[in-house]
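What follows is the residue order along each chain.
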Amino acid sequence: VPGTMSGSGSEAPQPSEAVETRLQEAEQDWAAAKAFYDNLVTKKPRPPKPQNAITVAVSSRALFDLVEERRIYEEEGVEKYVEFQQNNENVTLKPGPAFYFVKALEHVNARLLELYPDDEERFDIVLMTNNHAQVGVRLINSINHYGLTIERFCMTGGQSPIGYLTAYLTNLYLSADSEKVQEAIEAGIASATMFTANKDIAYLDTQLRVAFDGDAVIFSDESEQIVKEQGLDRFFEHEQLNENKPLAQGPLKGFLEDLGKIQKKFYAKNERLNCPIRTYLVTARSAASSGARVLKTLRSWGLEIDEALFLAGAPKGPILVKIRPHIFFDDQMFHIEGARKLGTIAAHVPYGIAQKYTKSS
């Protein structure tokens, strides 16, 4: 066993040696698995290694519309719920709030495989659900019906998925369960609670569009704390004084970086004008009073954002209708609600001082 003492005079390996040993063993496991699969003839690309992939974990209630099934679970209990799911195994589930986002990720993957057939740096969608395994057949049937490429399932049978998220090196976790999302954020995993739009709008299949709020989403909530505690004038003054000091990172900065890395792979093949990813910053900040620090922070991180919209307190909903993002991340529920009313699928990031004010009101 690695790390155990083999004799009275020997010493256990140092932690770094133990880590190195585990990594070597993991590489051997992957090499053995690759050798096995290489001998199987298939046109389907193998899922990438988690350490190479951008892993997006999606819950079943985020991927599919399970409102009626959830009602049965809450009112009649788990046994009736499982029975209902088994009796309806061949009834295809309708799309949920994360469905079109996942479809767009898969389109990006298809384009990546055309340009880089041997590269594993692409999106890997993992279905991360606390459903019991007995429900799996209906989920698999629905995934196959829509032609989604989701090969990795993690069905935890009522247990928290957080440990599995860490094991899968998850880059983004999307769920309809706000408590699990909060748990994931506290574990340092980029995460958001998905909300269905109140209206149906058409989404582009050929370009993934992701819109981010700034403070407490891409950036820390440092500036938002000043707004809440000291008011807008003090905030403007603070931002201008600190214009050249980069903001600290927020919970979704890593995912924006991941999108940027993939965009650069298209740029390297002269595909900038035909890139299947477009990113948007949609912030309530005003450009003249507090915009420079945001743009300089992104520059200091080496990140490009395709479009930056400074709304100076105007509602975000109408702008989002124009953008038509597959997902919009914000830390404040009133922006989420405003976006949903006009047809945008929104994802709440429960991070920063805004949560304290939401809970107390």
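Source: prediction; values computed, not measured. (Residues numbered from 1 in each chain as written. Predicted model: local features only at pLDDT ≥ 70, side-chain atom pairs only at ≥ 80, totals over all residues. Heavy atoms only, no water.)

A. Region of interest: the packing of aromatic side chains. Under the criterion given, the structure shown has nine aromatic pairs. Ring geometry for Phe101 against Phe255: centres 6.4 Å apart, planes inclined by 65°, an arrangement best described as edge-to-face. Linking Phe101 in helix α5 (residues 99-115) with Phe255 in helix α11 (residues 253-267), this pair joins segments that are 154 residues apart in sequence. Assessed through its relative accessible area of 0%, Phe101 is described here as buried. Overall, Phe255 belongs to the buried group, its relative accessible area being 0%. Considering the side-chain rings of Phe212 and Phe329, the 5.5 Å spacing of their centres and the 20° angle between planes classify their relative orientation as stacked. Taken as a pair, Phe212 in strand β6 (residues 208-212) and Phe329 in strand β9 (residues 327-330) lie far apart in primary sequence, 117 residues in all. For the pair formed by Phe212 and Phe329, the shared burial category is buried. Clustering of aromatic rings is evident, with ring pairs tying together Phe64, Phe99, Tyr100, Tyr146 and Tyr203. If you follow Lys253 out to its NZ or CZ, it ends over the ring of Trp301, 4.7 Å from the centre. (Phe/Tyr/Trp six-rings, centres within 6.5 Å; stacked < 30°, edge-to-face > 60°. Helix = DSSP H or I, 4+ residues; strand = E, 2+ residues; numbered from the N terminus. Buried < 20%, exposed > 50% of the residue type's maximum accessible area, 1.4 Å probe, protein only. Lys NZ or Arg CZ within 6 Å of the ring centre and 35° of its normal.)

B. The arrangement of the environment of Ser220 in detail. As for its position among the elements, Ser220 is in the loop between β6 and α9 (222-230). In this structure Ser220 comes out as buried when scored by relative accessible area, which is 8%. Put simply, Ser220 and Asn87 are 133 residues apart on the chain and 47 Å apart in space, counted from C-alpha to C-alpha. In this structure Ser220 touches Asp215, Ala248, Gln249, Gly250 and Tyr351, once residues within four positions along its chain are discounted. Looking at Ser220, its side chain comes within polar contact range of the main-chain nitrogen of Glu222, at 3.2 Å. (Contact = heavy atoms within 4.5 Å. Polar contact = N/O pair within 3.5 Å; in protein donor to acceptor, adjacent residues only side chain to side chain.)

C. Region of interest: the pattern of salt bridges. All chains considered together, the criterion is met by 23 salt bridges. Taken together, the shared-partner salt bridges in this structure form one network comprising Asp119, Glu121, Asp258, Lys261 and Lys265. (Salt bridge = Lys/Arg side-chain N within 4 Å of Asp/Glu carboxyl O.)

D. Spatial organisation of the environment of Gly317. Relative to the helices and strands, Gly317 is located in helix α13 (residues 317-323). Note on Gly317: relative accessible area 4%, which makes it buried. Separated by 89 residues in sequence, Gly317 and Lys228 place their C-alpha atoms 22 Å apart. If we skip the residues at most four places from it in the chain, Gly317 touches Gly338, Ala339 and Leu342.

E. Geometry of the side chain of Asp213. For Asp213, the position within the fold is in the loop between β6 and α9. Of note is the side chain of Asp213, whose polar atom sits 3.0 Å from the side chain of Lys316.

F. Structural context of unusual backbone geometry. One non-glycine residue, Ala312, lies in the positive phi region at around 50°. For Ala312, a relative accessible area of 54% puts it in the exposed group. Residues other than glycine seldom take positive phi values, yet Arg324 does so here, at roughly 55°. Looking at the secondary structure, you find Arg324 in the loop between α13 and β9.

In short, geometric facts, not functional conclusions.
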